[in-house]
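# Summary of the model geometry
Listed here are the chains, written in short residue letters.
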Amino acid sequence: MLRGRSLSVTSLGGLPRWEVAELPVEDVLLFEVSWEVTNKVGGIYTVIQTKAKTTADEWGDNYFLIGPYFEHNMKTQVEQCEPVNDAVRRAVDTMNKHGCQVRFGRWLIEGSPYVVLFDIGFSAWNLDRWKGDLWEACSVGIPYDDREANDMLIFGSLTAWFLKEVTDHADGKHVIAQFHEWQAGTGLILSRARKLPIATIFTTHATLLGRYLCAANIDFYNHLDQFNIDKEAGERQIYHRYCMERAAVHCAHVFTTVSEITAIEAEHMLKRKPDVITPNGLNVKKFSAVHEFQNLHAMYKARIQDFVRGHFYGHLDFDLEKTLFLFIAGRYEYSNKGADILLESLSRLNFLLRMHKSDVTVVVFFIMPAKTNNFNVETLKGQAVRKQLWDIAHSMKEKFGQKLYDALLKGEIPDMNNILDLDDLTIMKRAIFSTQRQSLPPVTTHNMIDDSSDPILSTIRRLGLFNSRTDRVKVILHPEFLSSTSPLLPMDYEEFVRGCHLGVFPSYYEPWGYTPGMGCIDGFGFAVCFKSNFVWGPAGWCIYIVDRRFCSPDDSCNQLTKFLYGFCKQSRRQRIIQRNRTERLSDLLDWRYLGRYYQHARYLTLSKAFPDKFHMEPTSPPTVNTLCIDERYDEEEEAERDRLNIKSPFALSHVHHRKKKLHGEYKN
């Protein structure tokens with residue numbers, strides 16, 4: 001029998017414990033509703049995907065995810081099956097009999113949670129009737145030409161219908177429904193308007209109006225209390241969406257958000273203070289030995305190097321062993337995600353590296369999905385040329401090895417002039433000629449639909465970052481999410497992150513933000529939490545903080561350039577030390593700890609929705625700022641520890657004493 005665990009957290013390095021009463025998970029059905037269930041749009045997909053295993057382990061067969069049905073996602077990510085739970089099975093059958101198309105199965109990710117998927121287009125004929133239902137519930141009208149809002153209304157109406165059918169056949173079990181973002185909010189509004197016996201949670205990962213205001217280059221965080229909310233939403237023609245989001249916030253039993261900075265924002269934008277802060281986490285894979293994840297870095301870095309060899313064929317005049325791979329990833333929000341400030345900083349970094357005649361090359365990947373036609377022909381040709389050269393080199397190696405082997409068997413030293421014949425030399429010369437190109441390596445891997453007005457490409461043209469031979473900073477825009485099935489760069493995002501040296505996220509608007517388990521530069525949202533709450537001396541952990549709130553854009557660019565240039569000057573040993581430390585820091589982002597905040601929110605909503613059956617204990621979880629590690633980084637101390645641990649195998653009487661080197665100065 002499943003039993004809810006006590007919500008207790010053992011401290012990391014002496015953190016305080018906190019407890020609330022157990023959740024009787026065998027008597028409760030938990031539903032999470034999001035437009036990004038099996039449908040990757042942005043960071044919420046990662047939140048739900050990584051949290052699924054922890055939640056499924058806790059709730060078992062009583063945990064369900066609700067999302068939209070898309071055929072291509074269904075075929076590749078979902079295994080169809082019959083519902084085990086009787087209430088869910090009846091709800092699915094009832095809706096299918098009444099003209100809907102509801103799919104049920106297991107999402108093929110860690111934890112294999114159950115998913116309920118609604119076909120939005122199949123039920124679009126109900127749109128006008130459901131618009132009337134929404135108007136009666138909260139007096140919010142949706143324009144006919146806003147297709148996204150209309151789709152969200154259909155999705156929310158189907159969700160409310162499904163939850164009604166579930167509660168009608170729940171046989172005494174209580175139901176919790178957690179709705180993520182405004183896209184799922186209409187389901188919450190309609191459920192509450194129809195007085196369904198469910199406990200509701202609304203989680204905002206970022207406010208809708210906040211995204212729009214920050215994208216307009218407004219000093220957002222310093223003027224939160226000065227905005228005329230209705231006027232700003234109306235001018236941007238999103239007033240109906242804003243009303244849907246705000247109505248969902250005020251209808252929910254419990255309102256949560258992902259960080260303290262977003263809680264302050266939500267209080268001003270949505271006029272309700274969050275009840276619980278639920279920080280997002282990751283599935284942290286622990287390794288039994290330090291060298292294991294270092295080996296993974298080396299393996300995935302080699303695969304990135306192969307791609308770079310093909311992409312820069314004909315211009316590969318830089319040393320790949322002295323090349324650093326940086327990346328920025330996320331939604332294509334040019335200024336919100338900090339792509340603008342990063343490109344400006346890369347231009348300044350390029351000048352510094354050239355001026356100081358540095359032998360370090362920096363290759364920066366922009367992983368941001370945009371509208372494209374297909375792969376760039378020149379990019380595909382580069383990978384084909386690389387593969388052809390590899391095949392030629394491999395065949396030559398086999399032939400050379402066979403002749404060398406035969407000569408050694410005869411007891412002879414082979415004549416190196418006879419190892420390769422004239423045909424072999426001809427093939428190699430033709431291979432060398434095939435690497436010649438008249439154009440520069442492309443800055444994008446795909447054909448962009450709107451190339452001339454694309455913000456990233458326009459900035460690259462203005463700054464002159466064209467991947468020329470003299471540039472020490474090379475830029476590659478990859479305008480789609482990474483996938484292991486891609487013919488161009490066949491790697492999943494997690495593998496790609498492992499292979500890179502540094503992730504750069506100088507976001508202005510980043511309510512939480514995922515920081516990979518490696519060295520990174522972050523922007524305002526997540527970084528401020530780290531700077532002030534999580535660690536002391538974050539730079540020692542390879543977490544560099546760019547001030548986007550109290551500095552001008554030019555000063556922020558200079559600050560970021562300084563961080564990047566300092567990282568380029570580090571030795572390989574110094575980077576390894578930082579990667580080791582950041583790997584240990586990943587415990588702070590593990591769902592095993594952060595998932596307790598979600599459990600606390602669920603118990604709180606049960607106590608509010610069913611106060612006669614659930615009583616909330618007076619204790620509550622700590623705020624995020626109590627999760628800190630009081631460990632300062634001292635390189636000299638670590639160097640001394642290394643010297644004590646490394647013992648000489650010989651006792652030498654006469655040793656020439658050289659100048660003492662600092663930690664990290666040894667040649668690698």
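The rules behind each value
- Residues numbered from 1 in each chain as written.
- Predicted model: local features only at pLDDT ≥ 70, side-chain atom pairs only at ≥ 80, totals over all residues.
- Heavy atoms only, no water.
- Core = buried A, V, L, I, M, F, W, Y, C linked by side-chain atoms within 4.5 Å.
- Buried < 20%, exposed > 50% of the residue type's maximum accessible area, 1.4 Å probe, protein only.
- Helix = DSSP H or I, 4+ residues; strand = E, 2+ residues; numbered from the N terminus.
- Contact = heavy atoms within 4.5 Å.
- Axes fitted to C-alpha atoms, helices over the stretch in contact; angles between N-to-C directions.
- Parallel < 35°, antiparallel > 145°, perpendicular 65-115°, else oblique.
- Left-handed = near helix turned anticlockwise from the far one by under 90°.
- Nonpolar A, V, L, I, M, F, W, Y, C, P; charged D, E, K, R; others polar.
- pLDDT = per-residue confidence, 0-100.
- Salt bridge = Lys/Arg side-chain N within 4 Å of Asp/Glu carboxyl O.

Glancing now at the nonpolar core. Phe31, Phe118, Leu158, Phe162, Phe220 and Met269 are the most contacted members of the largest nonpolar core, which has 69 residues in total. At 10 residues, the largest contribution of residues to this core is made by helix α5 (residues 147-168). Setting aside residues no more than four positions away along its own chain, phenylalanine 220 makes contact with Gly210, Leu213, Cys214, Phe227, Glu265, Met269, Tyr508 and Tyr509. If you look at the next biggest cluster of nonpolar residues, it comprises 34 residues, including Val360, Val473, Val475 and Leu502.

Okay, the packing of helix α3 (residues 86-97) against α5 next. Running from amino to carboxyl end, α3 crosses α5 at an angle of 130 degrees, the nearest separation of the two axes being 8 Å. Classified by the interaxial angle, the pair formed by α3 and α5 is oblique. For α3 against α5, the interelement crossing comes out right-handed. On α5, the residues that touch Ala87, Val88, Ala91, Val92, Thr94 and Met95 of α3 are Leu158, Trp161, Phe162, Glu165 and Val166. When the residues that make up the contact of α3 with α5 are grouped by side-chain class, the tally is 9 nonpolar, 1 polar and 1 charged.

Relative orientation of the contacting elements helix α6 (residues 185-193) and helix α9 (residues 239-251) amounts to 50 degrees, with a least axis distance of 8 Å. Here α9 runs oblique to α6, going by the angle between their axes. Judged by the twist between their axes, the crossing of α6 over α9 is left-handed. Every residue of α9 that contacts α6 at Gly185, Thr186, Leu188, Ile189 and Arg192 is listed here: Met244, Ala247, Ala248 and Cys251. When its residues are assigned to classes, the contact of α6 with α9 shows 6 nonpolar, 2 polar and 1 charged.

This paragraph deals with the environment of alanine 339. Inspection of the secondary structure assignment puts alanine 339 in helix α12 (residues 339-355). As for alanine 339 and serine 507, which are separated by 168 residues in sequence, their C-alpha atoms are 7.8 Å apart.

The next point concerns the confidence of the model for the protein chain. In this model, the protein chain carries a mean pLDDT of 83, and residues with pLDDT of at least 70 account for 83%. Per-element averaging of pLDDT across the protein chain places helix α18 (residues 525-534) at the bottom with 40 and strand β5 (residues 114-118) at the top with 97. Predicted confidence is poor over residues 522-536, with pLDDT under 50, and the contacts of this stretch with residues over four places away or in other chains come to 56 contacts. Below a pLDDT of 50 lies the segment residues 645-668, which in the model reaches 15 contacts outside its immediate sequence neighbourhood of four places, other chains included.

Across all of its chains, the model carries 30 salt bridges by this definition. With a closest N to O distance of 3.2 Å, lysine 75 and glutamate 71 form a salt bridge. With lysine 75 and glutamate 71 both in helix α2 (residues 71-77), this residue pair falls 4 residues apart, about one helical turn. When its relative accessible area of 64% is taken as the criterion, lysine 75 is described as exposed. Residue arginine 272 is joined to aspartate 275 by a salt bridge in which the shortest nitrogen-to-oxygen separation is 2.9 Å. Accessibility expressed as a relative area gives 16% for arginine 272, which makes it buried. A residue is classified by how much of its surface remains accessible, and aspartate 275, at 31% relative accessible area, is partly exposed.

In this structure, lysine 271 is a non-glycine residue whose phi angle is positive, near 60 degrees. Using a relative accessible area of 42% as the deciding quantity, one classes lysine 271 as partly exposed. Located in the positive-phi region is asparagine 467, a residue other than glycine, with phi close to 65 degrees. Residue asparagine 467 is classed as buried on the basis of its relative accessible area, which comes to 1%.

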